[in-house]
Amino acid sequence: MDYSTMKPSEVRALIRQGKLTGQTSGMCDGYAQGNLLVLPRAQAYDFLLFTQRNPKSCPILEVGDVGSRLVKRMAADADIATDIPKYRVWENGVMTGEYTDISQLWREDFVYFLIGCSFSFEGELLSAGVPVRHIEEGKNVPMYLTNIDCEPAGIFHGKLVVSMRPMPADQVIRAVSITASMPRVHGAPIHIGDPAKIGIADIHKPDFGDAVTIHEGEIPVFWCCGVTPQSVVMNAKPPIAISHAPGHMFITDVKNSLLKD
């Protein structure tokens, strides 16, 4: 089935029914996707402050009301507890399970955060002739933990996570220009070239997602990644947190074009 041409509401319905549980890269072309973090109210302010201090890694799309599972601004008739293909549950900084539905785990003190995702600009790259290797190969985007410190806030601190897309050298400037116009989905790359300079020892062994082919002469280009909150959750160790599984995003009803500067 070609999910790239489907409406977000149609794909979310399949996800809610448990018929679609895979990663969402390339789905609903032209529509923004979002990362998720859910926290108890007691930790939510610290994380909100963390997003304000780290806007490239955690660009906020929407923050839910306390206890509410309904998405109000970024989608219609959407339930944050059922409409993501795969969730991760974290207890005291340790992942304790993966689920396709978190309805039974939802609490009245939960606050959700939807965070911009770089999947959102991939359609723009493809339209401009810039290759997106993991889509070509039917894989999840490769993601890496770096040696770059995030700006701490309250209990939250940790290292930046990045996603990587390799491309020919003559496409890099075009990719930078396209993504720089979309700061609400991470914006311009944070690093171009040698992965060792940002603490990545082996580019062929990502910490999250899948390894992709890097052809001779291609340059790896790195963007801030919405898996960063999972990195800081492991350090902060809140009693409970819920995230999306890497690559398994919430697909919004909002066009990417509306998120441009």
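Since the model is a prediction, treat every value here as computed from it, not as a measurement. (Residues numbered from 1 in each chain as written. Predicted model: local features only at pLDDT ≥ 70, side-chain atom pairs only at ≥ 80, totals over all residues. Heavy atoms only, no water.)

### Quick word on the overall build of the chain
A count of helices and strands for the chain gives 6 helices and 13 strands. Taken over C-alpha atoms, the radius of gyration comes to 17 Å for the chain, in line with the 18 Å a tight globule of 261 residues would show. Expressed along its principal axes, the backbone C-alpha trace of the chain runs to roughly 50 × 40 × 35 Å. A buried classification covers 55% of the 261 residues belonging to the chain. A separation threshold of at least 6 residues defines the contact pool for the chain, and within that pool the share at least 24 residues apart is 78%. Accessible surface computed for the chain: about 10,800 Å², of which carbon and sulfur atoms make up 51%. (Helix = DSSP H or I, 4+ residues; strand = E, 2+ residues; numbered from the N terminus. Rg over C-alpha atoms; globule rule 2.2 N^0.38 Å. Buried < 20%, exposed > 50% of the residue type's maximum accessible area, 1.4 Å probe, protein only. Contact = heavy atoms within 4.5 Å. Areas by Shrake-Rupley, 256 points an atom, 1.4 Å probe, with all protein chains shown as cover.)

### Some details on helix 5 (residues 172–180)
Among the residues of helix 5, Val172, Ala175, Ile178 and Thr179 are the ones counted as buried. The buried residues of helix 5 occupy an angular sector of 130° when projected down its axis, which confines them to one face. Among the exposed residues of helix 5, those pointing more than 90 degrees away from its buried face are Ile173 and Ser177. Residues of helix 5 that are buried sit in contact with helix 3 (122–127), strand 9 (159–168), strand 10 (191–192) and strand 11 (218–224). (Arc of directions from axis to C-beta.)

### Some thoughts on helix 6 (residues 228–236)
Taking burial as the measure, the 9 residues of helix 6 include 7 buried ones, the bulk of the element. Turning to helix 6, its buried residues are Thr228, Pro229, Gln230, Ser231, Val232, Val233 and Ala236. One or two residues past the end of helix 6 sits Lys237, with phi positive at roughly 60°.

### Quick word on the sheet that holds strand 9
One open sheet holds the 4 strands; their spatial order is 8-9-11-10, and the pairing between them is antiparallel. The sheet terminates laterally at strand 8 (143–149) and strand 10, the two strands that pair on one side only. As defined by bridge partners, strand 9 adjoins strand 11 across 7 bridges and the pair is classed as antiparallel. Bridging across to strand 11, Pro166 finds its partner in Pro220. Seen against the sheet, helix 5 touches strand 9, strand 10 and strand 11 and runs at an angle of roughly 15° to strand 11. Contacts from helix 6 reach strand 8 and strand 9 within the one sheet, and its direction differs from that of strand 9 by about 150°. (Pairing = 2+ DSSP bridges. Axes fitted to C-alpha atoms, helices over the stretch in contact; angles between N-to-C directions.)

### Things to note about the side chain of Ser25
The residue Ser25 is located in the loop between helix 1 (8–16) and strand 1 (31–40) in this model. Ignoring sequence-local partners within four residues, the contact set of Ser25 consists of Phe119, Glu122, His134, Ile135 and Gly247.

### Focus on the nonpolar core
For soluble globular proteins, the rule of thumb is that nonpolar side chains tend to be buried together. In terms of nonpolar packing, the biggest core is built from 35 residues, with Val71, Ile80, Trp106, Tyr112, Leu114 and Phe250 touching the most fellow members. Those elements that provide at least two residues to this core are strand 1, strand 5 (87–91), strand 7 (110–116), helix 5, strand 11 and strand 13 (250–255). In terms of nonpolar packing, the next biggest core, distinct from the first, is built from 27 residues, Ala153, Phe156, Val162 and Ile200 among them. (Core = buried A, V, L, I, M, F, W, Y, C linked by side-chain atoms within 4.5 Å.)

### Observations regarding the environment of Ile135
Its place among the elements puts Ile135 in helix 4 (residues 133–136). The residues touching Ile135, leaving out its near neighbours within four places in the chain, are Ser25, Gly26, Glu122 and Leu126.

### Quick look at empty space enclosed by the protein
Throughout the structure, instances matching the rule amount to 1 cavity of 30 Å³ or more. In this structure, the largest cavity spans a volume of roughly 70 Å³. In terms of residue class, the lining of the largest cavity is built from 7 nonpolar, 6 polar and no charged. (1 Å grid on protein atoms, 1.4 Å probe; cavity = no way out; pocket = protein on both sides within 12 Å on 5 of 7 lines; lining within 4 Å. Points joined across faces, edges and corners; volume = space filled by probe spheres on them. Nonpolar A, V, L, I, M, F, W, Y, C, P; charged D, E, K, R; others polar.)

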